[in-house]
Amino acid sequence: MAEKRSVFHSVVLDEPVCKGCTVCVTTCPVEAIRVRGGKARILEKRCIDCGECIRRCPSYAKKAPGASLDILREYDRTVALPAPTLYGQFGSSYSPDRVRQALINLGFSGICDAAAAAGDVSAATAEYLGRSDIQRPVISSSCPVIIKLIQIRFPTLLEHLLPVLPPMEAAALAVREQEGPDTGIFFISPCPSKITAVRSPAGYGSSCINGVFTITDLYLPLLGALKHTAHDFDGFGVSGRGYNWARSGGEIASLLAAIESSGETQREPIRWVSAEGIDQSIRILEAIEDGKLGGIDFVELSPCAGGCVGGALTVTLPPLAEEVIRRIGGDAPDPPSCGEGAAAELYWTEEPAARPALLLDPDYNRARKMMEEMELLYEKLPGLDCGSCGAPNCHALAEDIVRGDAVMEDCVHILREHYETLILGRTKK
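These figures come from a predicted structure and were not determined experimentally.

Draft legend 1. Representation of unusual backbone geometry in the model. Note that the residue after arginine 136, namely proline 137, is joined by a cis bond; omega there is 0°. Even without being a glycine, threonine 22 presents a positive backbone phi close to 75°. If you trace the backbone, threonine 22 turns up in the loop between β1 (12-13) and α1 (23-27). Positive phi outside glycine occurs at aspartate 385, with the angle close to 50°. Within the secondary structure layout, aspartate 385 lies in the loop between α12 (364-380) and α13 (394-403).

Rendered as structure tokens:
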């Protein structure tokens, strides 16, 4: 029977492979994993699809399955939307045009680069930043991980999110308007968060994308196709700045170029901040919440080190992929447009809602009592944060106990003390 897919995340556990080692538990940046019954369990509503568990799992038990190439047979015509990260996976020996031709050889009817819509998205962003009635700093919404993180942990910052479609959806919208409803549109993703974003988008009701392939799954078939694809392009002259969205700071560079090309000479220069890595991203969001980023207009956060080139579903080492992206993402024109695409439709059609996954109870008095109970339990725990209980730390275990998902004896140190008391008559001094 097919596995039921979560609307919250795309990371799944290969249970027979999982050894219950707790590496994923103690390294998950949002404490969304527990080990119960000797196997890892993802807390559905807490997962932000950052893919850190995929990177860390020594048993390779965490995965984010994408579509199979067999799905292309279900459509008379199919269009691939490669993330710009894809072109950094094969080294400088293979040009973007050659990679695109290899995709055609795999069975796609046409190609539309997500990078082709980056310029339009940046222009819409520049237009939005020119308004005086918005909450600043404006936080980029191009990464679904950041949107989920804000929904769960920083709901007061939802009004700071940029209400503009990400390039992959803007490109898909242009393709859909040009190709019609019967064409299959497939994104090629470097991370699990974009798989979930297609299934359950934030900011717009439904996606124009029919399915998502992962770079991990397509890498070997593409590599094989590349070796049998003739050289039809020499150099990197037809690439463009849109590819730079694959690396940290690329969105800022595209935004600054859009502002410069707009010809608004009287406009004040924007002040911006860019951060990469999930820990730094969380710290920046905390600073915004505390009011410490006054005067900053725009914030670009890349939860993956190096940007999307460091996505959990990529193959090539991020620094090597970034070097290739730098070469093909110079000042040359952007990739060919995927269609006319109405600029007005690049804005969100709805506001993302808060996801109170951390809320102990909707009733304030009940939640307060649970918090007090948590603190009393925490004082009784050893404070070692060893993860042996299956929770990431002692405070998380106390919360799990209060929620009814764990017991005090899940702590091996507490359990040992109980055994010593029962069997040997020893008591804790």
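Draft legend 2. Looking closely at the sheet that holds strand β5 (residues 78-82). Spatially, β6-β5-β8-β9 is the arrangement adopted by the 4 strands of the open sheet, whose pairing is parallel. Each edge of the sheet is formed by a strand with only one pairing partner; in this case those strands are β6 (110-111) and β9 (211-214). Sheet analysis places β5 next to β6, joined by 2 bridges and oriented parallel. Each residue of the ladder has a partner; that of alanine 80, found in β6, is isoleucine 111. Contacting β5 and β8 (184-189), helix α6 (residues 167-179) runs over the sheet at an angle of about 160° to β5.

Draft legend 3. Representation of the pairing of β8 in the model. Counting buried positions along β8 gives 6 out of 6 residues, so the element sits mostly inside the fold. Of the two faces of β8, the one carrying Gly184, Phe186 and Ile188 and the one carrying Ile185, Phe187 and Ser189 are both buried. In terms of strand pairing, β5 meets β8 through 5 bridges, oriented parallel. Within the sheet, the bridge partner assigned to alanine 80 lies in β8 and is phenylalanine 186. Pairing analysis gives 4 bridges linking β8 to β9, with the strands arranged parallel. By the bridge assignment for β9, serine 189 is matched with threonine 214. In this fold, β8 hands off to helix α7 (residues 193-199), which returns the chain to β9; that crossover is right-handed.

Draft legend 4. Helix α10 (residues 278-289), seen in detail. With 12 residues, α10 ought to run about 16 Å at 1.5 Å a step, and its terminal C-alpha atoms sit 16 Å apart, in line with that. All buried positions along α10 are accounted for by Ile278, Ser281, Ile282, Ile284, Leu285, Ala287 and Ile288. The secondary structure elements touched by the buried residues of α10 are β7 (138-139), α5 (144-153), β10 (272-276) and β11 (298-302). Trailing α10 by a residue or two, glycine 291 shows a phi angle of about 75°, which is positive.

Draft legend 5. A look at the sheet that holds β7. Read across the open sheet, the 3 strands follow the order β7-β11-β10; overall the sheet is parallel. The open sheet has two edge strands with one neighbour each: β7 and β10. Pairing of β10 with β11 involves 5 bridges; the strand directions are parallel. For glutamate 276, the partnering residue across the bridge sits in β11 and is serine 302. Sitting on the sheet, helix α9 (residues 250-261) touches β10 and β11, and the angle it makes with β11 is about 150°.

Draft legend 6. Molecular detail of a nonpolar patch on the surface. Taken together, the side chains of Leu415, Tyr419, Leu422, Ile423 and Leu424 define a hydrophobic patch exposed on the protein surface, amounting to about 560 Å² of accessible area. If you trace the backbone, isoleucine 423 turns up in helix α14 (residues 412-424).

Draft legend 7. Seen up close, the nonpolar core. Among the nonpolar cores identified, the biggest contains 85 residues, and Leu81, Ile139, Ile150 and Leu285 are the most heavily contacted of them. Beyond its immediate sequence surroundings of up to four residues, isoleucine 150 is in contact with Ile139, Pro155, Leu157, Leu158, Leu161 and Leu285. One finds Leu72, Ala115, Leu226 and Ala246 within the second-largest nonpolar core, a separate group that totals 28 residues.

Draft legend 8. The arrangement of the packing of aromatic side chains in detail. According to the stated counting rule, one finds 5 aromatic pairs in the structure shown. Here phenylalanine 108 and phenylalanine 213 contribute two aromatic rings whose centre-to-centre distance is 5.6 Å and whose plane-to-plane angle is 80°, an arrangement assigned as edge-to-face. Of this pair, phenylalanine 108 sits in the loop between α3 (96-106) and β6 while phenylalanine 213 sits in strand β9, and the two are 105 residues apart along the sequence. Across the pair, exposure class does not vary: phenylalanine 108 and phenylalanine 213 are buried alike. Aromatic ring contacts, followed pair by pair, group Tyr75, Phe108, Phe186 and Phe213 into a single cluster.

Draft legend 9. The environment of isoleucine 48, seen in detail. Positionally, isoleucine 48 belongs in the loop between β3 (39-42) and α2 (52-56). Placed 102 residues apart in sequence, isoleucine 48 and isoleucine 150 show a C-alpha to C-alpha distance of 9.7 Å. Once residues within four sequence positions are removed from consideration, isoleucine 48 is found in contact with Val30, Val145, Lys148, Leu149, Ile152, Ser193 and Ile278.

Draft legend 10. Layout of α13. Of all 10 residues making up α13, 8 are buried, and the element is well covered by its neighbours. Within α13 the residues assigned to the buried category are Cys394, Ala396, Leu397, Ala398, Glu399, Asp400, Ile401 and Val402. Within two residues after α13, glycine 404 carries a phi angle of roughly 85°, on the positive side.

Draft legend 11. Representation of the pattern of salt bridges in the model. Applying the stated criterion across every chain yields a total of 18 salt bridges. The closest approach of N and O atoms between aspartate 97 and arginine 100, which form a salt bridge, is 2.7 Å. Separated by 3 residues within a single helix, aspartate 97 and arginine 100 lie in helix α3, roughly one turn from each other.

Thresholds, definitions, all that
Residues numbered from 1 in each chain as written. Predicted model: local features only at pLDDT ≥ 70, side-chain atom pairs only at ≥ 80, totals over all residues. Heavy atoms only, no water. Helix = DSSP H or I, 4+ residues; strand = E, 2+ residues; numbered from the N terminus. Pairing = 2+ DSSP bridges. Contact = heavy atoms within 4.5 Å. Axes fitted to C-alpha atoms, helices over the stretch in contact; angles between N-to-C directions. Buried < 20%, exposed > 50% of the residue type's maximum accessible area, 1.4 Å probe, protein only. Right-handed = clockwise from strand over helix to strand, strands pointing away. Expected span 1.5 Å × (residues − 1). Patch = residues over 30% accessible without salt bridge, like charges linked within 9 Å, V, L, I, M, F, W, Y side chains within 5 Å. Areas by Shrake-Rupley, 256 points an atom, 1.4 Å probe, with all protein chains shown as cover. Salt bridge = Lys/Arg side-chain N within 4 Å of Asp/Glu carboxyl O. Core = buried A, V, L, I, M, F, W, Y, C linked by side-chain atoms within 4.5 Å. Phe/Tyr/Trp six-rings, centres within 6.5 Å; stacked < 30°, edge-to-face > 60°.

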